[in-house]
Structures are given as structure tokens and as C-alpha cells.
There are 2 protein chains.
Amino acid sequence: MYIFTRLNRINEVKVKLFLRSILLFAVLINVVQAQNKAEKYVLVIHGGAGTIERGRMTAEQEQAYRDKLKEALQVGYDVIKQHGSALDAVEKTVRVLEDSPLFNAGKGAVFTHDGKNELDAAVMDGKTLSAGAVAGVTTLRNPISAARAVMEKSEHVLLAREGAEAFAKEVGLAIVDPSYFYTKERWDGLQRARQQDAKKQVNHATERLGGGIQDYKFGTVGCVALDDQGNLAAGTSTGGMTNKKFGRIGDAPIIGAGTYANNESVAVSCTGWGEFYIRNVVAYDIAALMEYKNLSVKEAAETSLAKVAKGGGNGGLIALDKEGNMAMPFNTSGMYRGAVTEEGVVEVEIYKD
Amino acid sequence: MYIFTRLNRINEVKVKLFLRSILLFAVLINVVQAQNKAEKYVLVIHGGAGTIERGRMTAEQEQAYRDKLKEALQVGYDVIKQHGSALDAVEKTVRVLEDSPLFNAGKGAVFTHDGKNELDAAVMDGKTLSAGAVAGVTTLRNPISAARAVMEKSEHVLLAREGAEAFAKEVGLAIVDPSYFYTKERWDGLQRARQQDAKKQVNHATERLGGGIQDYKFGTVGCVALDDQGNLAAGTSTGGMTNKKFGRIGDAPIIGAGTYANNESVAVSCTGWGEFYIRNVVAYDIAALMEYKNLSVKEAAETSLAKVAKGGGNGGLIALDKEGNMAMPFNTSGMYRGAVTEEGVVEVEIYKD
């Protein structure tokens, strides 16, 4: 009898332990699932990387940036929540940023050396690998929508300047007078850039040609999104560099450099010193590092950005993989950025620390 | 004694066999070395992929193409033989092809829908990863030299249209009247393209926008080179597509799409239906497949070209790796192409078979 009692007690203990283990396991699974869920992002945006430091903006200015970033994220999230496409979400989100004077894209575009606003934009559909872009347009209110029209309504990928504008007009996009893009802030920025150039007292023409790029690059807006069909999309829009000359085209409208999306890997939008992004084919390099070397989106994004830094460039980027993992590295003092999770949790940041 | 004789005879046979083996081995090593030597290429060019079929050219026309390809190869080879840089070799070689009316670049550029010649070119230095490009220029005799000037004399990578021309003028490049680019063959080509467009009787504007691309894409010239310092360089120059509209920019001036060079991997120049090369970031994809997946230059080039074909595009490319191995795949009926080995052996081909 003693032996039986003893065995029963042991069994009882074992059963209790077993049940407790199951309970603990279930709790752990819940925790892990909750963590995974919380980490799934559906939309990520940036409003440009650059010299953005605490104390250089008033509290009101900072709040205006945060509010606009949140508004843009909410617009894109609403599309995805209602089972819309990543492509629609990207276009609508970027339009919000283009229509704001706060960012260097659309309405808030910087001025070229000649006092014009020349806008670039690109969009890419990760499902079909189709892409569209416009470069150097001066009369299109929303370059991101023109980029999408190029993708969907022409057999081309990249249209430039007057040709791109003629195309946009033909397909019925909103045309504005170039004066629409005037903002006092950007105009003053050009005057400062010109003065800085003049101070340099450079000796011959060629030294002047790219003068002062370091100081005046700024801005660009971008968005990457993942919809509930598993489709990725990316879009970028910019006014380029203050004081830019000679019809310079940056990385934003270059597929593979500033913008790329592929359902097999990742959607990317870059911001920063465009020339370094072009030379390092940054957006596609991230996709290649993920697809060919099995790097995570964070590892790939950081590896590619390190190449930009190694070459002497700076900036940042946003990347979103097909699982909803995201990365938003930058090597400047700040980058306007934000993300929204599958549950609609909105996060917005500006500074590095 | 019999045993000794027997042993001696066996030894004698063994010694003879041994000596013969050594001789055979030495011969084999020589053969292998000779083969390896013969396989090391220092310069590869293309003069465009497309519908190039036997019997569509006269013997004289075909000979003219072969002669010009050989001349271009010889010019580039002379640079490398005299310890010049891969970059110099690429520029000089491409200039020969640009100055000939036979190819769709420089002098022989095709006409846009509006009856203009809008030229694109890019160059990249594999040693420094610096790059330069021009798009949509109408008055620069040698766009490849303008691309090099952008690389070396500005901080930009890509300049477009009037701006690029103003820059080229400022740095002293050869400016020509747009009429320099008139050739009867190309003008007639535009008229045929327009007629073909008209026959289609398409119903609304958007269907017309990219009309007939398949039939009129053609040409582009390119060169990749490896110098005796182990430096790679790539250059591409084109008049784009006959009948192109809306300021369309193809893959040639897009770093990573039509042109790429990196001493760590490969130099690439593409030709074909540009939009597919942009979407697939072909030139950089080849470099990534080699660097991240350890594919050979042949495997990488074929893998990337297969992506172009899968998407519905066609064309070809040339690629040269840091060891002097080359690939020149194409999926059209022909591609004007040629290569020169370290010993100065010149090879020129036109058709697939």
C-alpha cells in the first residue's frame, strides 16, 4: 500500500508539473505571438535625413512635423486597413507629404541655382516589378502621382522635364503654375546657399560646379508599405538639393538607387546625398543582400548605408521586408521618420538620440 | 640473375613511364596555361542587340560593321597595351563607335518622335566607384566624354538635357549643331515607325504613349575594359529608341541598370529594351550575384538576362570580371560585339549562330 500511495503521490506531482508546464508554454507562446504581432509594420515613412538637431526648431515647429508625419501615416494605414493595395497606400501617403510645405518635395521643394523648383519622384510595385519615375518637373503638383502614371499608362519607366510634363497633362494630372512651389523658407535657403558659394572664392569653373552640396542637401520624402495580400511597394519624392545646377538628377527617381520594391525581398526608399546612393545602387543592394546573402532587413540596410558613409556620403533610408520587419537607419543627426504597425500603433521620431 | 634482369627491366619501364608522365604533365600544364592566357580578355564591346539577321545586310554593310568594331577594339587595346587606364580605353573606344553613323549613339543616333536626337551616356570607374552620366543631350558630339566630365569635374552623377549641355560647354567639350546627328537611315527609320504607329488605329491617348517600342528599340554601344593595374571600367552610349516620346530616359545613363563597374567584381554595359533593364537593375544585379552568391561572370550575366526575358524584355549585355573572364549573352537574333585578348587577338561577331 505504501508503495502505491507513494507512486500516486509521485504521479500527482508529475501531473501537476505537467499541467503547469503546459500553462507556462501557452503563456510563453502568447507572449511571443504578441511580440511578433507588435513588431509587424505595414507602413514606414521618412521626411528626409540631414542636420536636424534638438534646439534648432521651436516646440511649435517640431509639433507641426510630428503632426504631419502622423497624418501621412494614418492616411496610408487607412488604405491598408481597408484591404487597399500597398501601392495606393504609398501614393496617398507621399501626396500628404508633398502637399505640405514642411518637406523638400512637392509644395515645399527647394530651389535650384536658377531659382526654379525641379521635382523628382519614383514609385515601384513589388508584385509586378513595374516602376515609374519623373525627373526635373516644374509644373506637376504631385510628382508621385505622375510617377505612378508613367508606370501604369506608358511603357516607359523614367520621363524627364518638359516631356514628363506633357505626358502628365495628357493623362489628366493636376498641373500647377511653377509659382505654386514658392515658399519663403526655401527661397531664403537658396539665398543663404548662394552667399555661402560666393564666400568660397573658388578659382576656376570646375570647382564651382558642385559647390556646397554638403550643406544644402536635405529632405526628400518616402514611403514603403506592405498590404494584407503580401504586396510591397515603395515611393520617393524630392525637390533635390538647394542650389542644384545643370539639370542634376539625384537618386530619388532612379530605380535601384533611391527607390526599389520586390515582393521577394524588400521595399526601400532613401534620403540623403543622392550621388552616393546612385554609385552604391543602395536600394537594390539592400534587396540583393537579403535575397543572395540571406541578411535580415536590418543587417542589409545597415551594410548598404555603411557603403554610403565609406564613400563620404550621408543620409538615411527606410526598408520594409515581406514579413513586416522594418529598418530605418541614418547617419545624420536626424531623420523625420515614422511607422505604423498592423494594429494601427503610430510611432514618429525626429532625432538620433 | 633472371630476377635482377627482370627487376631492372621493370624499373626501366617504370622510369620510362615516369619520365613520359612528367613530359605529358609539362605539356598539359603548357596547354592549360596557354588556354588560360588565351581566355584573358582586356576589352569587350557591343554595338547593340536587336533584330540582326543574316541576309538582311549586304556583304559590304556587314563588312563595314566588322571593320568599325575591329577599329574600336584596336583603339582601346592600344591604350591598355601602353599601360593606360581602363577608363581611358573605354572612353576612346566608345568615341569611335559614337563617331560612326553605323551605331545608335553619337553621330548615328535614332530620332525621337519629335524628330530630334536625344543622347544618353554613362561611364563608371571600378576603382573608385565614381560615375558620371548625361541624359537627353542634343548638342554634345561625344556624350561618353560628357559623362566622364560629369564624373571628374562635378560632384554630381547624372545631369539632364539643357543643364548637361551648359555644363559640357563650361568644361570645354565639343558642341555641335543638332543637325550633325542627321543621317538619312535614321530619319527613314523614324518615318517607318510613325507609319507603323498610325496603322495601329489605337483608340485613346494612353495606348499610344509607349506605342511600338518593341519594333524600334535598337542599338546602344558599350565597352568594358580591364587594365594592367587590375582596374575595371564600363561605358555606354545611346540614342535611345526610335520614336521615343516625353523625354524618355532609358537604362544606358542609369548606374546599376545599363552601366556598372566595380574592381571587386565586374564591369557591365547593357543594350536592349531599357525599361526591363531598369526594373531588374541588371548591371548591378550581375555584380551582386558575383559578389554575394559567388556566381561566375557567365552564370551571373545569364541569370540577370533571364530576368529581363522573364519580364517580357529582350536585349543583351557584355560583362568582364577582374580576372579577365567575359560574357556577352543576348536573347535577340544578333548583337554587334567583339573582344580583344591580352595578346591583342581581336574577335568580332554579329549573329547568334
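Procedures and definitions
Residues numbered from 1 in each chain as written. Chains lettered and ligands numbered in written order. Predicted model: local features only at pLDDT ≥ 70, side-chain atom pairs only at ≥ 80, totals over all residues. Heavy atoms only, no water. Helix = DSSP H or I, 4+ residues; strand = E, 2+ residues; numbered from the N terminus. Buried < 20%, exposed > 50% of the residue type's maximum accessible area, 1.4 Å probe, protein only. Contact = heavy atoms within 4.5 Å. Salt bridge = Lys/Arg side-chain N within 4 Å of Asp/Glu carboxyl O. Buried area = accessible area lost by both parts, 1.4 Å probe. Polar contact = N/O pair within 3.5 Å; in protein donor to acceptor, adjacent residues only side chain to side chain. Nonpolar A, V, L, I, M, F, W, Y, C, P; charged D, E, K, R; others polar. Phe/Tyr/Trp six-rings, centres within 6.5 Å; stacked < 30°, edge-to-face > 60°. Pairing = 2+ DSSP bridges. Least-squares fit on C-alpha atoms with pLDDT ≥ 70 in both. Patch = residues over 30% accessible without salt bridge, like charges linked within 9 Å, V, L, I, M, F, W, Y side chains within 5 Å. Areas by Shrake-Rupley, 256 points an atom, 1.4 Å probe, with all protein chains shown as cover. Expected span 1.5 Å × (residues − 1). pLDDT = per-residue confidence, 0-100. Axes fitted to C-alpha atoms, helices over the stretch in contact; angles between N-to-C directions.

Is there a simple way to explain the overall build of chain A in this structure?
Along the backbone of chain A there are eleven helices and 13 strands. Out of the 353 residues in chain A, the part that is buried amounts to 58%. Residue pairs at least 24 apart in sequence account for 70% of intrachain contacts in chain A once pairs closer than 6 positions are excluded.

What am I meant to see in the pattern of salt bridges here?
Once the charged atoms of two side chains with opposite charge are near each other, the side chains can pair. In this structure the tally under the stated criterion is 26 salt bridges over all chains. One salt bridge in this structure joins Asp285(A) and Lys307(A), with 2.9 Å as the shortest N-O distance. With Asp285(A) in helix H10 (residues 282–293) and Lys307(A) in helix H11 (residues 297–311), the pair connects residues that are 22 residues apart, well separated along the chain. Residues Glu342(B) and Lys40(B) are paired through a salt bridge, measuring 3.6 Å at the closest nitrogen-oxygen approach. One end of the pair, Glu342(B), is in the loop between strand S12 (334–341) and strand S13 (346–351); the other, Lys40(B), is in the loop between helix H1 (2–39) and strand S1 (41–50), and 302 residues separate them in sequence. A residue is classified by how much of its surface remains accessible, and Glu342(B), at 35% relative accessible area, is partly exposed. Taking the relative accessible area as the measure of exposure, Lys40(B) reaches 28% and is therefore partly exposed.

How do you make sense of the interface of chain B and chain A when you look at a structure like this?
Interface size is commonly expressed as the accessible area that is lost once the parts come together. Counting residues at the interface gives 49 residues for chain B and 49 residues for chain A. For chain B, the biggest contributors to the area lost against chain A are Phe246(B), Arg279(B) and Tyr292(B); these three give 18% of the whole. In this structure, the connection of chain B to chain A is made through two salt bridges. Between Glu162(A) and Arg161(B) there is a salt bridge, and its shortest N-O distance comes to 3.9 Å. Where chain B meets chain A, there are 14 residue pairs in polar contact (both at pLDDT 80 or more). For the side of chain B that touches chain A, the elements supplying multiple residues, two or more each, are strand S4 (158–160), helix H5 (161–170), helix H7 (205–208), helix H8 (213–216), strand S7 (248–249), helix H9 (274–279) and helix H10 (282–293) of chain B. When residues of the side of chain B that touches chain A are assigned to their parent elements, the largest contribution, seven residues, is made by H5(B). By residue class, the composition of the side of chain B that touches chain A is 26 nonpolar, ten polar and 13 charged.

Just to check I follow, could you spell out the packing of aromatic side chains for this structure?
When we look at a pair of aromatic rings, we describe it by the centre distance and by the angle of the planes. With the rule as written, the count across this model stands at 21 aromatic pairs over all chains. An angle of 65° between the planes, with centres 5.6 Å apart, marks the rings of Phe246(A) and Phe167(B) as edge-to-face. A residue pair is termed interchain when its members come from two chains, as with Phe246(A) in the loop between strand S6 (232–238) and strand S7 (248–249) and Phe167(B) in helix H5. Arranged with centres 4.8 Å apart and planes meeting at 70°, the rings of Trp273(A) and Phe276(A) form a pair that is edge-to-face.

Is there a simple way to explain the sheet that holds S1(B) in this structure?
Strand pairing in a sheet relies on backbone hydrogen bonds, with the paired strands running either antiparallel or parallel. Pairing in this open sheet of nine strands is mixed, and the strands run S7(A)-S4(B)-S3(B)-S2(B)-S6(B)-S5(B)-S1(B)-S12(B)-S13(B) from one edge to the other. Lying at the two open borders of the sheet, with one neighbouring strand each, are S7 of chain A together with S13 of chain B. Of the pairings in the sheet, the one linking strand S3 (residues 131–137) of chain B to S4(B) comprises three bridges and is parallel in character. Its bridge partner lying in S4(B), Ala133(B) is registered against Leu158(B).

Teacher, can you tell me more about the relation of the copies chain B and chain A here?
There are two copies of the chain, and a rotation about an axis plus a shift along that axis relates them. Under the fitted operation, chain B is carried onto chain A by 0.1 Å of movement along the axis and a turn of 179°, and the coordinates agree to an RMSD of 0.5 Å. In symmetry terms, the pair is related by a two-fold rotation axis. Comparing contact sets, 100% of the residues at the interface of chain B also lie at the interface in chain A, consistent with an isologous, same-surface contact.

Is there a simple way to think about the environment of Met326(B) in this case?
All names here are of chain B. Following the sequence through the fold, Met326 ends up in strand S11 (residues 326–327). Sequence separation of Met326 and Lys298 is 28 residues, and the distance between their C-alpha atoms is 7.0 Å. Sequence-distant contacts of Met326, defined by excluding residues within four places in its chain, comprise Tyr41, Val44, Val297, Lys298, Ala319, Leu320 and Ala339.

Would you mind going over the environment of Asp177(B) with me for this structure?
Residue and element names in this part refer to chain B. In this structure, Asp177 sits in the loop between H5 and helix H6 (184–199). On the basis of relative accessible area, Asp177 is assigned to the exposed category, the value being 52%. Here Ser179 takes part through its side chain, which lies 2.8 Å from a polar atom of the side chain of Asp177.

What exactly am I supposed to notice about a nonpolar patch on the surface here?
A contiguous nonpolar surface patch, about 320 Å² in accessible area, is contributed by Phe18(A), Leu19(A) and Ile22(A). Within the secondary structure, Leu19(A) sits in helix H1 (residues 2–39).

For this particular structure, what's the right way to read helix H2 (residues 59–81) of chain B?
Residues spaced three or four apart along an α-helix face the same direction, because each turn holds 3.6 residues. Residue and element names in this part refer to chain B. When the terminal C-alpha atoms of H2 are compared, their 32 Å separation across 23 residues agrees well with the 33 Å that a helix rising 1.5 Å per residue should span. If you follow the buried residues of H2, they end up packed against S1, helix H3 (86–99), strand S5 (221–226), S12 and S13. His83 occupies a position one or two residues after H2 and carries a positive phi of about 60°.

Would you mind going over H10(A) with me for this structure?
Residue and element names in this part refer to chain A. With twelve residues, H10 should reach 16 Å at 1.5 Å per residue; the first-to-last C-alpha distance of 15 Å fits that figure. For H10, the buried fraction is high: ten of the twelve residues fall into the buried class. Among the residues making up H10, those that are buried are Val282, Ala283, Tyr284, Asp285, Ile286, Ala287, Ala288, Leu289, Met290 and Tyr292. Just downstream of H10 lies Asn294, where phi reads positive at about 55°.

Sorry, what's going on with the confidence of the model for chain A here?
Predicted coordinates in regions of low pLDDT should not be interpreted in detail. All names here are of chain A. For chain A, mean pLDDT is 89; residues scoring 70 or higher make up 88% of the total. Residue range residues 201–216 is modelled with pLDDT below 50. Its contacts to residues more than four positions away, or to other chains, number 35 contacts. Complex prediction metrics read pTM 0.87 and ipTM 0.87.

So what exactly am I meant to see when it comes to the pairing of S5(B) here?
Looking down a regular strand, the side chains alternate between one sheet face and the other. Residue and element names in this part refer to chain B. With respect to burial, S5 is a largely interior element, six of its six residues being buried. Side-chain alternation along S5 places Val221, Cys223 and Ala225 on one buried face and Gly222, Val224 and Leu226 on a second face that is also buried. Both S1 and S5 contribute to a ladder of four bridges, which runs antiparallel. Looking at S5, one finds that His46 is bridged to Gly222. By the bridge criterion, six bridges tie S5 to strand S6 (residues 232–238) in an arrangement that is antiparallel. If you follow Val221 over to S6, its bridge partner there is Ser237. Connecting S5 to the antiparallel partner S6 that follows it, the hairpin turn spans five residues, and Gly230 within it adopts a positive phi of roughly 80°.

Any chance you could explain the sheet that holds strand S8 (residues 259–261) of chain B here in plain terms?
Residue and element names in this part refer to chain B. Here four strands make up an open sheet; going across it, the order is S8-S9-S10-S11 and the pairing antiparallel. One side of each edge strand has no neighbouring strand; the edge strands of this open sheet are S8 and S11. Direction of pairing for strand S9 (residues 266–272) relative to strand S10 (residues 315–321): antiparallel, over a ladder of seven bridges. When the sheet's bridge partners are listed, Cys270 is paired in S10 with Leu317. Across the face of the sheet, H10 comes into contact with S8, S9 and S10 while running at roughly 145° to S9.

Hey, could you run me through the environment of Ser333(B) in this one?
Residue and element names in this part refer to chain B. Checked against the element boundaries, Ser333 lands in the loop between S11 and S12. Note: C-alpha distance between Ser333 and Thr51 (282 residues apart in sequence) is 5.4 Å. If we ignore the near neighbours within four places in the chain, the residues touching Ser333 are Gly50, Thr51, Ile52, Glu53, Tyr351 and Lys352. Here the side chain of Ser333 touches Ile52 through a polar contact of 3.0 Å, landing on its backbone nitrogen.

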